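Secondary and tertiary structure notes
Read off the chains here:
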Amino acid sequence: MTTIPTLGIIVPCYNEKEVLPLTISAMQRFFEDWKGRRLITEESFVLFVDDGSQDDTWSQIEHIHAMDTQFRGLKLAHNVGHQNALFAGLAEGHLSADCVVSMDADLQDDVEVIEQFLAEYAKGNDIVYGVREDRQSDSWFKRSTAQGFYRFIDQLGVETVFNHADYRLMSKRAVEALYAHPERNLFLRGMVPALGFQTTEVSYTRQPRLAGESKYPLRKMLSLAWDGVTSFSVRPIKLLFLLSLFMLIVSFGFVGYALYRQYEGKAMDGWTSLMMSIWFIGGLQLFGIGLVGEYVGKIYQEVKRRPRYIVEERCG
Ligand code: UDP
Ligand code: MG
């Protein structure tokens, strides 16, 4: 790939009026530099996705577009959350770009490393993950819960990139492959690694937010984490099923024990039948739920209508 790529930078924004002017002037500086050095084409652009902001984020975007057309905007009618807003931006942006980079509006991610992303893209990588070297800029709470969460979903069999948020470069065809996933519950940090393609990582140091407050309160973090587990793993259902089998085996033991006590004449009236029913019916119920869960798990995978495979290349 010797031709210069057209780059689209996708920036979801939710009530970002404090930081947007800083983001815009930073991007202007970087674009001038990169375009001047012919790292990216003149058609390269920044696409701001206004995720239903209540402040004047959108009028700022319109204003900058009027002055400088390398800035584009997409206004969503309602707040749909970071993941959906990002997906909307990728869907729109990849149409007129060779590769796209997704980035937060608050400049926490080091914009300079996009140059390294582009170098990796030129080497033939379809996806380049930005990985945080350390999380010193995060609070202790955010750092430990986030890292604990990634270890946990790893155990559940969800493939993610450790210490990677949504700062990454994707080639046009990688976004097309992502776009073929029609599911509604998005957890892009799990979906993108599942695409395949040639990928690599670039590490960077994450800065504190430049201005404004975090738009990811605990409630949204928990909801993202919950989507991460339930959109990718049916292992909880399988665990339920295993537990029920275990309970059934234990119940047989208890039935034997209760019958033995009865036989010895050491059991109170009614104790034997009571013990037998509690354990056996309990186990049977759990078994039933686990069995139904297995089918629900299958239905859930079917309704996602994820593509069965993704073609990377063809010849002939
Ligand atoms: N964001 C969004 N919709 C939301 C919440 C957040 O588009 O409902 C955007 C936000 O404007 C920012 C990015 O998602 O560009 C990450 O949010 P933030 O920086 O507040 O998260 P944090 O870095 O605190 O995890
Ligand atoms: Mg942030």
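Residues numbered from 1 in each chain as written. Chains lettered and ligands numbered in written order. Predicted model: local features only at pLDDT ≥ 70, side-chain atom pairs only at ≥ 80, totals over all residues. Heavy atoms only, no water.

Here the focus is a nonpolar patch on the surface. A cluster of nonpolar side chains, namely W140, F141, L218 and L222, defines an oily patch on the protein surface of about 480 Å² accessible area. Residue assignment for the nonpolar patch shows that the elements contributing at least two residues are α5 (140-155) and α8 (218-230). For F141, the position within the fold is in helix α5. Exposure remark for F141: the relative accessible area of 44% places this residue in the partly exposed category. (Patch = residues over 30% accessible without salt bridge, like charges linked within 9 Å, V, L, I, M, F, W, Y side chains within 5 Å. Areas by Shrake-Rupley, 256 points an atom, 1.4 Å probe, with all protein chains shown as cover. Salt bridge = Lys/Arg side-chain N within 4 Å of Asp/Glu carboxyl O. Helix = DSSP H or I, 4+ residues; strand = E, 2+ residues; numbered from the N terminus. Buried < 20%, exposed > 50% of the residue type's maximum accessible area, 1.4 Å probe, protein only.)

Next up on the list: the site of ligand 1. Taken together, 19 residues lie near ligand 1, and E16, D51, D106, S214 and K215 sit nearest. Contacts to ligand 1 include Q108, whose side-chain N or O atom sits 2.6 Å from an oxygen atom. Residue R206 places a side-chain N or O atom 3.0 Å away from an oxygen atom belonging to ligand 1. Looking at the shell around ligand 1 residue by residue, the classes come out as five nonpolar, five polar and nine charged. (Near = heavy atom within 4 Å. Polar contact = N/O pair within 3.5 Å; in protein donor to acceptor, adjacent residues only side chain to side chain. Nonpolar A, V, L, I, M, F, W, Y, C, P; charged D, E, K, R; others polar.)

Donor atoms from the polypeptide that bind the magnesium ion (ligand 2) are D106 (OD) and Q108 (OE1), placed at 1.9 to 2.0 Å. A relative accessible area of 10% places Q108 in the buried class. (Donors = N, O, S within 2.8 Å, 3.2 Å for Na, K, Ca; no water.)

Turning to the packing of helix α1 (residues 20-36) against helix α2 (residues 57-67), a few remarks are in order. Interhelical geometry of α1 versus α2 gives an angle of 25° and a closest axis separation of 11 Å. Of the possible angle classes, the one that applies to α1 and α2 is roughly parallel. Between α1 and α2 lies a crossing of right-handed hand. In contact with L20, P21, I24 and Q28 of α1, α2 contributes T57, Q60, I61 and I64. (Axes fitted to C-alpha atoms, helices over the stretch in contact; angles between N-to-C directions. Parallel < 35°, antiparallel > 145°, perpendicular 65-115°, else oblique. Left-handed = near helix turned anticlockwise from the far one by under 90°. Contact = heavy atoms within 4.5 Å.)

With that settled, consider the pattern of salt bridges. Where charged atoms from two side chains of opposite charge come close, those side chains can pair. Counting across every chain of the model gives 14 salt bridges. Here R306 makes a salt bridge to E183, at a shortest N to O gap of 2.7 Å. Of this pair, R306 sits in the segment after α10 (271-303) while E183 is found in the loop between α6 (172-179) and α7 (188-191), placing the two residues 123 residues apart along the sequence. We note a salt bridge from E264 to K266, for which the minimum N-O separation is 3.6 Å. We classify E264 as partly exposed; its relative accessible area is 38%. Under the relative-accessibility criterion, K266 is labelled exposed at 52%. Each member of the salt-bridge network shares a partner with another, and the members are E16, D106, R209 and K215.

Taking every second residue as pointing to the same face, both faces of strand β4 (residues 99-102) are buried, with C99 and V101 on one and V100 and S102 on the other. Sheet topology places strand β1 (residues 7-13) next to β4; four bridges connect them, and they run parallel. Looking at the pairing, I10 lines up with S102 of β4. (Pairing = 2+ DSSP bridges.)

We now examine α1. Under the 1.5 Å per step criterion, the end-to-end length of α1 is 24 Å for 17 residues, consistent within 8% with the ideal 24 Å. The set of residues buried in α1 consists of L20, T23, I24, A26, M27, F30, F31, W34 and K35. Considered in projection along α1, the buried side chains sweep an arc of 165° and stay on one side of the axis. Within α1, the exposed residues directed more than 90 degrees away from the buried face are R29, E32 and G36. Here the buried face of α1 lies against β1, β2 (45-51), α2, β3 (71-76) and α4 (114-122). Directly after α1, the chain includes R38, whose backbone phi takes a positive value near 55°. (Expected span 1.5 Å × (residues − 1). Arc of directions from axis to C-beta.)

Once that is clear, we can look at the environment of L95. Among the structural elements, L95 can be located in the loop between α3 (82-93) and β4. Take L95: its relative accessible area is 62%, and that puts it in the exposed class. Through-space distance from the C-alpha of L95 to that of K172 is 7.7 Å; in sequence the pair is 77 residues apart.

With that settled, the discussion passes to the packing of aromatic side chains. Evaluated as defined, the whole model comprises 14 aromatic pairs. Consider the rings of F149 and Y150, whose centres lie 5.3 Å apart with planes at 65°: the pair is edge-to-face. Both rings, one in F149 and one in F187, keep their centres 6.4 Å apart while their planes meet at 90°; by these two values the pair is edge-to-face. Of this pair, F149 sits in helix α5 while F187 sits in the loop between α6 and α7, and the two are 38 residues apart along the sequence. (Phe/Tyr/Trp six-rings, centres within 6.5 Å; stacked < 30°, edge-to-face > 60°.)

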